[in-house]
6 protein chains.
Amino acid sequence: MSTEYVAPRILVINPNSSETVTRVMDGALDMLRLSVAYRIESISLPDAPAGIETQADIETVVPMIAREIQTNAADAYVLACFSDPGLALAREVSDKPVVGIAESAYWMATGLGHKFGIISILDKSIPRHLRYVRSLGLESRLANDRAINSGVAGLADHGVVERIVEVGRQLRDLDGANVLILGCAGMGHFRKEIEAQLGIPVVDPAQAAVSRTIGLLTLGYMPQ
Amino acid sequence: MSTEYVAPRILVINPNSSETVTRVMDGALDMLRLSVAYRIESISLPDAPAGIETQADIETVVPMIAREIQTNAADAYVLACFSDPGLALAREVSDKPVVGIAESAYWMATGLGHKFGIISILDKSIPRHLRYVRSLGLESRLANDRAINSGVAGLADHGVVERIVEVGRQLRDLDGANVLILGCAGMGHFRKEIEAQLGIPVVDPAQAAVSRTIGLLTLGYMPQ
Amino acid sequence: MSTEYVAPRILVINPNSSETVTRVMDGALDMLRLSVAYRIESISLPDAPAGIETQADIETVVPMIAREIQTNAADAYVLACFSDPGLALAREVSDKPVVGIAESAYWMATGLGHKFGIISILDKSIPRHLRYVRSLGLESRLANDRAINSGVAGLADHGVVERIVEVGRQLRDLDGANVLILGCAGMGHFRKEIEAQLGIPVVDPAQAAVSRTIGLLTLGYMPQ
Amino acid sequence: MSTEYVAPRILVINPNSSETVTRVMDGALDMLRLSVAYRIESISLPDAPAGIETQADIETVVPMIAREIQTNAADAYVLACFSDPGLALAREVSDKPVVGIAESAYWMATGLGHKFGIISILDKSIPRHLRYVRSLGLESRLANDRAINSGVAGLADHGVVERIVEVGRQLRDLDGANVLILGCAGMGHFRKEIEAQLGIPVVDPAQAAVSRTIGLLTLGYMPQ
Amino acid sequence: MSTEYVAPRILVINPNSSETVTRVMDGALDMLRLSVAYRIESISLPDAPAGIETQADIETVVPMIAREIQTNAADAYVLACFSDPGLALAREVSDKPVVGIAESAYWMATGLGHKFGIISILDKSIPRHLRYVRSLGLESRLANDRAINSGVAGLADHGVVERIVEVGRQLRDLDGANVLILGCAGMGHFRKEIEAQLGIPVVDPAQAAVSRTIGLLTLGYMPQ
Amino acid sequence: MSTEYVAPRILVINPNSSETVTRVMDGALDMLRLSVAYRIESISLPDAPAGIETQADIETVVPMIAREIQTNAADAYVLACFSDPGLALAREVSDKPVVGIAESAYWMATGLGHKFGIISILDKSIPRHLRYVRSLGLESRLANDRAINSGVAGLADHGVVERIVEVGRQLRDLDGANVLILGCAGMGHFRKEIEAQLGIPVVDPAQAAVSRTIGLLTLGYMPQ
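Since this is a predicted model, take the numbers as computed values, not measurements.

Colleague: Break down the interface of chain C and chain B for me, with residues and values.
Modeller: Across the contact, 37 residues belong to chain C and 37 residues belong to chain B. Of the roughly 2,800 Å² buried at the junction of chain C and chain B (both faces included), carbon and sulfur atoms supply 62%. For the interface between chain C and chain B, the tally reads zero salt bridges. Across the chain C-chain B interface, the total number found is twelve residue pairs in polar contact (both at pLDDT 80 or more). For the side of chain C that touches chain B, the secondary-structure elements that each account for two or more residues are helix H4 (101-110), helix H7 (191-198), strand S8 (202-203) and helix H8 (205-219) of chain C. A total of eight residues in the side of chain C that touches chain B trace back to one element, the largest contributor, which is H8 of chain C. Of the residues contributing to the side of chain C that touches chain B, the split by class is 20 nonpolar, eleven polar and six charged.

Colleague: Talk me through the pairing of strand S5 (residues 116-120) of chain B; I want residue IDs and the actual numbers.
Modeller: Residue and element names in this part refer to chain B. Summarising burial for S5: five of the five residues are buried, a large majority. Burial of the side chains of S5 extends over both faces: Phe116, Ile118 and Ser120 are buried on one face and Gly117 and Ile119 on the other. Here S5 pairs with strand S6 (residues 142-147) via five bridges, running parallel. By the bridge assignment, Ile118 is partnered in S6 with Asp145. The handedness of the S5 to S6 crossover, carried by helix H5 (residues 126-135), is right-handed. One ladder, built from four bridges, connects S5 with strand S7 (residues 179-182); its direction is parallel. Paired with Ile118 across the bridge in S7 is Ile181.

Colleague: How would you explain the interface of chain C and chain E if you had to name every residue and give the values?
Modeller: With 13 residues of chain C in contact, the opposing surface of chain E contributes 13 residues. Taking both sides of the interface into account, the surface hidden between chain C and chain E amounts to around 1,200 Å²; carbon and sulfur atoms contribute 59%. There are zero salt bridges connecting chain C and chain E. Along the contact surface separating chain C from chain E lie six residue pairs in polar contact (both at pLDDT 80 or more). Elements with a minimum of two residues in the side of chain C that touches chain E: helix H2 (55-71), helix H3 (87-93) and helix H5 (126-135) of chain C. It is H2 of chain C that contributes the most residues to the side of chain C that touches chain E, four residues altogether. Counted by class, the side of chain C that touches chain E contains five nonpolar, four polar and four charged residues.

Colleague: A description of the relation of the copies chain C and chain E should follow, citing residues and the corresponding values.
Modeller: Of the transformation superimposing chain C on chain E, the axial component is 0.0 Å and the angular component is 180°, with the fit at an RMSD of 0.0 Å. Classification of the inter-copy transformation places it as that of a two-fold axis. Ranked by how close their C-alpha atoms come to the rotation axis, the residues of chain C are headed by Ser135 of chain C, at 2.1 Å. When the interface residues of chain C are mapped onto chain E, 100% of them are again interface residues, pointing to one common binding face.

Colleague: Help me get a handle on the arrangement of the chains, residues and values and all.
Modeller: At their nearest point, the C-alpha atoms of chain A and chain E are still 13 Å apart, with no contact between the two. There is a gap between chain B and chain F: no contact, and a shortest C-alpha distance of 13 Å.

Colleague: With reference to specific residues and values, describe the pattern of salt bridges.
Modeller: A side chain of one charge can pair with a side chain of the opposite charge when the charged atoms of the two come close. Residues and elements named next belong to chain A. Counting across every chain of the model gives 75 salt bridges over all chains. Notably, a salt bridge pairs Asp30 with Arg33, separated by 2.7 Å at the nearest N-O pair. You can call Asp30 partly exposed: its relative accessible area is 47%. Judged by its relative accessible area of 27%, Arg33 falls in the partly exposed class. Within this structure, Asp26, Asp30 and Arg33 form a network of salt bridges that share partners.

Parameters and conventions
Residues numbered from 1 in each chain as written. Chains lettered and ligands numbered in written order. Predicted model: local features only at pLDDT ≥ 70, side-chain atom pairs only at ≥ 80, totals over all residues. Heavy atoms only, no water. Contact = heavy atoms within 4.5 Å. Buried area = accessible area lost by both parts, 1.4 Å probe. Salt bridge = Lys/Arg side-chain N within 4 Å of Asp/Glu carboxyl O. Polar contact = N/O pair within 3.5 Å; in protein donor to acceptor, adjacent residues only side chain to side chain. Helix = DSSP H or I, 4+ residues; strand = E, 2+ residues; numbered from the N terminus. Nonpolar A, V, L, I, M, F, W, Y, C, P; charged D, E, K, R; others polar. Buried < 20%, exposed > 50% of the residue type's maximum accessible area, 1.4 Å probe, protein only. Pairing = 2+ DSSP bridges. Right-handed = clockwise from strand over helix to strand, strands pointing away. Least-squares fit on C-alpha atoms with pLDDT ≥ 70 in both.

Take a look at the structure:
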């Protein structure tokens, strides 16, 4: 009888109920499936709202996420919403690494360029992002945060790329950003196209988070 | 028939179920009842935990607070827990000013001295406080945060004063604080005694928050 | 014989000799006279310049303010010039709270929005404001400071509102401010109109200072 | 004939001539060899000094590193000296990702705890580290930097662990660090032991850098 | 007939009436008289207080300084009190460069080491210094500010050196300063002795200011 | 036999091989030759590249600079390239003060105005400048950095002035700079003309560095 290596399982939780967003996001994770060493699975939360746009949406999904983590055994968890909802609770209830996609995007971006710009979905989330960036001590690396002001619903459509590129150009040319962060989990499949048009790296937070999670698992770290 | 002035009602929500903490905290608000212009009422949340010590406790009370605000009409609300739990949600669901006691304590303290020290209950809340202070952009005013490491349960007992004074002395003498913040809602009745022993101002966050709320109501502001 | 409650007296010192400015400013304080608990009185300094525009004007009024405080007994003093002239001296010569309107405006604004903009009268005061904001450790909350470049003389005229709104719109739309500070004591009567046109809160520093002073008196604090 | 997947090659350059350091460092990278997807190879530079302690040592190895990168084809390069010597040049001469171990350690540490401490070899490198941390905009996350003041020569000996633990305890208890960085490439094999004794995560910069490099390669990013 | 070069005159104003302090301070400026290109003269203000210890002292000398500058023609002025009293006014009334010794000491110190420590005379001036350092944007370079708590009167006596060295040692060993600033104009003659005992550079603010003034005059700059 | 005063020698090393740049730069140092107390000599490095534009150029000249310093005896050295190449090495190999022109320009500019703007030659050096400004802790004083995007070759031509003035106007009017830094050693002869057109002080880094070096020599300081 042999002991077989079992690839650790990383569970990526899209904390809304949109299967489309989950599928699109998961597709962008294929780049990370190159190695057989990790199993990366993405799920939606069927009882969650279709999109996380308000603070009420955030608070609604926080206990759902905690419950999912407590009942769906994995070796690490990724919270795939750019608000990193319930990250503190998830870390408290789990003895496995839990990673937020926003914080991961910030770390990745600061390692890729000297000033990062955030492309937000809605104007109203900008102050929340700014508070988060400040709380991480990264304010001096932020070029600016600009919104495309489209709803989450429209994000899977290709039409959104034009608007993202337009806002990204402002971040690059007016604000001095030389790396961009997509402020939402469901836009990673547009990454290459946006990079091609703007000529600077674009961070998909879900990709950044899963990549970081692999690193944490490999090295045996628990983020806090 | 005359139009009578009706004093605006400020509802102070202690988001735990400890009537003792609420009573003690409310007593410290008497200094603010001098004027007849505002009615200040303090309540507990009967279904909440006895104390807010973990992130799970915080998440448990967030929807309770929102419900209370939506059903208990007042002109302004104060969230009387030093984690400011559910502040963002409360502001979203209410069209009245909602004020957190932690943020209010920080504003008050920065106006009283050049470096403030925080007296926390537990070591494990220090990183959370630090993130909050940073998110407000006030890190350069923070001297240090030190914990007395006593449970919320023991806070109403007088014995806790000695420990607070001991930690406050470290913040003053080792860390250069010239104003202190009590990192909990239930210690305001000790304020004068601590001030007398240490010779520097001590901020009770509940007092600071209600005082600030009166200012906001008087001038017609909505904090965001 | 009964002991009667005597409402504490707050003396608001407009440190110039313009009765018009004092009257206009005092009118904006009516919102704070709701309660009978405090008497709020505004005075000019008859020997002071008509407006405080130069550093020489500031230095001229500093000893006048100190003398006024030493001879005109009150329970607290507000220095109603956006340079907070002589604040350090006033605090040294008085054993009562002395409050500056600029510092109070900054605390109020940081509690109302995530980035504040300053509407200055003159370009040349911008570096002074910036030094002050930095000295308070609040630089990360400042969106920008823009001047209307009109003299103090013209501030009472309604025509100035248009210019303030124009500059306020730049602060909001180009610099990301979501709360504005009027960088002068004599513009509070325009506050509501400016707020209506711009849709974000506007801080009159004199109102903010008196409100803060009431809080300090009520809670027994001495700012330093 | 089939196209076979060829695992990308990551070349870890220890820019001194000590085979012992390279071997020890390489051993600590075994944790990252779990997956077959990447080949991780460590080399020394035979013509380089035995240790990088002075600025002259740094400047001596900079062109050697560039030459190595230009002649030793790989898919990514890691510079395994905590001074990140020649990082800018290496990036200029190569069209492959080049990663420094110091910058990687800082990103990793800021994602693991709220304040990181650096355990330096020598006092004299502390100002250089501080300048680097500041240049990355991470100063607010630095607890302190303390040196064990032992030469690079002695680092492979086990006796050094005691001294590291002693300094790490000061960083944890006096300076508030809750994550530590080993300020040298050759100490990773002690990581687990130090973590066990101190109870907080310890970052080996070489591990952090290779892990980050895998992430960059997988996602197709070029750091700048 | 020849046009003769007339060495520009730098007037160093010790804004107190102590001839002893002026003489001692002036002696420390001899190092700067090496060149015949500038005449450096130091004066006291006979009507000023014997020492500048309180804010009232500061405000008393501000108009005296302005008057001196307006009546005592020179090519540049140095304000030789570590509070830089009346610097803004002096610059407004003069069309010649006016330089403060505190700001000059900060610039000099930040160019000599990575963290500077301030040796203050009195505890109560520390918050004022801190506000000034912050207003200059130099807070991240400040190690700490510690007071010897001796009056200005005793500063000329040699006995004070021991106390300065003791405090300097704390700044160096506990706070990480590698350059020190003497927080007073009358201690420059002890500089070499203090440097010898502590092994790190010590900045006499009067020397730093005159040196900087020479640079400004030579290059034709007006500080603002 | 008499001991004669020998004026200390300051060697200004233009670390490229362009005699034109050296001559132009040296001409701008004539303002500093007023006094007979110091001999200021400028040299090129004949074996160096004609201009320092790439990181490879920087690394090429670093050992050349060190060799020059070790073989060309002087009392102080100035590195006349805005990248301050090899400053750390030069300080290590010399027991005389070594001064970089970039750091000197930053200190000078922060003493002249409240926000400084940098006029860079090329866009690609902006991130490097930003890292440097951050590493000095001066980020809050930086208005912006904008490039004229002309090669070093064209800098001696007068035509470049127009472009510098254009970029300087943007820094002044859009970014709020009230002092400018010329981000290259060979533009000092245009200083007066640029100042005249823009009305704000312009810092030639070579002038700033030599002036600072004179101060360091006079007062006996070694920068580190």
